[in-house]
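Coordinates in review
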Amino acid sequence: MANDQTFGPHRARDVEPIKTRDEFAARLRATPIETPFDYDEDGKQEGFLRLYHSRETNGYGYVPIPVISVKNGKGPTALLVGGNHGNEYEGIVALMNLARDLDQASVQGRVIILPSLNFPAVMAGTRSSPLDGSNLNRCFPGDAMGSPTQVIAHYVSSVLLLLADLVIDLHAGGRSSEFIPCALVREGCDEHETAELARLADWFGAPISFVSKGKGGGGSLTLAGECARQGIPCLTAELGGGETLSQRGLKLATDGVRRILSQWGILASTDPRAMTATRWVKKGPENRLHAHVAGIFEPRIELGEYVSPGRVAGLIHFPDLPMRSPEEVRFESSGYVLSRHIPALVQRGDELCTFVTDAIR
Ligand SMILES: [Zn+2]
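Residues numbered from 1 in each chain as written. Predicted model: local features only at pLDDT ≥ 70, side-chain atom pairs only at ≥ 80, totals over all residues. Heavy atoms only, no water.

Per the stated rule, a full pass over the model turns up two cavities of 30 Å³ or more. One number sums up the size of the largest cavity: a volume of about 60 Å³. Lining of the largest cavity is provided by 11 residues; of these, R186, L197, A228, I232 and P233 occupy positions nearest its centre. Those elements that place two or more of their residues in the lining of the largest cavity are α6 (191-204) and α7 (223-230). Along the lines of polarity and charge, the residues of the lining of the largest cavity split into six nonpolar, one polar and four charged. (1 Å grid on protein atoms, 1.4 Å probe; cavity = no way out; pocket = protein on both sides within 12 Å on 5 of 7 lines; lining within 4 Å. Points joined across faces, edges and corners; volume = space filled by probe spheres on them. Helix = DSSP H or I, 4+ residues; strand = E, 2+ residues; numbered from the N terminus. Nonpolar A, V, L, I, M, F, W, Y, C, P; charged D, E, K, R; others polar.)

Here is the structure:
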């Protein structure tokens, strides 16, 4: 699909895109990250972004963030991101597999792949960076003069998004939760744009899809939020969880990304029969249960289960007060369980589960 036809009128929102080479060169000078190749070169290029970071054991070294660019002539640019959170594995592996598979002849336009965007977090197996404790997906638009994670966010916001017509950001539940594989897109600035964004999720083909209006918590933006600010269509996927690598989530990431790229005309067409229809749901701020006390959570729900008001989601036990009866956590409204907390030990305020209701599109 020629993105200029579909998304062109909506690209300029809070940020005016400037696509001259001079402007791009200025962006590259403004980031402390060194780029290993020219993104405008045709062919398959691979290397490492160099994020120089002085630390106790290596004063003058750099953090190597893998980047692969495959370009062939004119066409839209897709930016594919895994490892935004370091312990969410389906997207990382799916994008490494894709990066090895693609060559110049298989692409029309450009695919830029960062399978492990927050590379320090990926190597540490953590959600946030071990270098500065920051959660990359709460750091956008980032800061060129900031901490390592803020510098990565700034590079994405100011350099890569200048090139991108489409962004796919692959996540999972990490250590804290597990998800039914799902996709989310943001609300567009009008009905037309919302429908086009929804089409990305239709093509991705996750069992569940929904339109997200949230910022992901906190004051800073997620990558999806930054894409919305710049008027760039973005699909985010949650592919599993529990710091595991699920075959189901890996297959969805592999096939879903290829389906979107083929619909955009970047890859040759895929077999449409392999696509399953996604179920559109709604998820509001009230569609989550939190722990109101600390203790050991005994879940009484399964992913995908339909729950009604009054249904017990689980019990919280008190290891310091063994004779005290556990506290029941009950649903106050109905829906399908979308995600579930994984570690049994919970603190007051922890999210125990999210649930969703059917949406009509
Ligand atoms: Zn994540």
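Okay, the domain arrangement of the protein next. Often, the extent of an interface is quoted as the loss of accessible area upon association of its parts. Each domain of the protein was delimited in the assignment, giving domain 1 (21-280) and domain 2 (283-358). Taking only C-alpha atoms into account, the centre of domain 1 sits 31 Å from that of domain 2. For the domain 1 and domain 2 pair, buried surface summed over both sides reaches about 1,100 Å², with 62% attributable to carbon and sulfur atoms. On the domain 1 side of the contact with domain 2, E178, I180 and R279 bury the most area, a combined 44% of that side's loss. For the pair domain 1 and domain 2, the number of links is two salt bridges. D358 serves as the salt-bridge partner of R279, at 2.8 Å between the closest nitrogen and oxygen. Taken together, the connections running from domain 1 to domain 2 amount to five residue pairs in polar contact (both at pLDDT 80 or more). Elements with a contribution of two residues or more to the side of domain 1 that touches domain 2: β6 (177-179), β8 (208-212) and β10 (279-282). The leading source of residues in the side of domain 1 that touches domain 2 is β6, at three residues. (Domains from an automatic or database assignment. Buried area = accessible area lost by both parts, 1.4 Å probe. Salt bridge = Lys/Arg side-chain N within 4 Å of Asp/Glu carboxyl O. Polar contact = N/O pair within 3.5 Å; in protein donor to acceptor, adjacent residues only side chain to side chain.)

This model, assessed by the stated rule, comprises five aromatic pairs. Measuring from ring centre to ring centre gives 5.4 Å for F37 and Y39, while their planes differ by 85 degrees; the resulting arrangement is edge-to-face. Neither F37 nor Y39 differs from the other in exposure class; each is buried. An aromatic cluster is defined as three or more aromatic residues linked by ring pairs; in this entry it consists of F24, F37 and Y39. One cation-aromatic arrangement involves R279 over Y336; the distance from NZ or CZ to the ring centre is 4.4 Å. (Phe/Tyr/Trp six-rings, centres within 6.5 Å; stacked < 30°, edge-to-face > 60°. Buried < 20%, exposed > 50% of the residue type's maximum accessible area, 1.4 Å probe, protein only. Lys NZ or Arg CZ within 6 Å of the ring centre and 35° of its normal.)

This part is about helix α5 (residues 148-163). For an α-helix, 3.6 residues make a turn, and residues three or four places apart therefore share a direction. The end-to-end C-alpha distance of α5 is 22 Å, a good match for the 22 Å that 16 residues give at a rise of 1.5 Å each. Along its length, α5 reaches its greatest deviation from straightness, about 30 degrees, at V156. Most of α5 sits out of view: 15 of its 16 residues are buried. (Expected span 1.5 Å × (residues − 1). Bend = angle between axes of the 7 residues up to and from the residue.)

Before going further, it helps to spend a moment on the pairing of β8. Of all five residues in β8, five are buried; the element is thus mostly enclosed. Neither face of β8 is exposed, since I208, F210 and S212 on one face and S209 and V211 on the opposite face are all buried. With five bridges connecting them, strand β7 (residues 182-186) and β8 associate as parallel partners. Residue pairing across strands places L184 opposite F210, the latter belonging to β8. Regarding the hand of the β-α-β motif, the stretch spanning β7, α6 and β8 is right-handed. One ladder, built from three bridges, connects β8 with β10; its direction is parallel. Residue pairing in the sheet places S209 in a bridge with W280 of β10. (Pairing = 2+ DSSP bridges. Right-handed = clockwise from strand over helix to strand, strands pointing away.)

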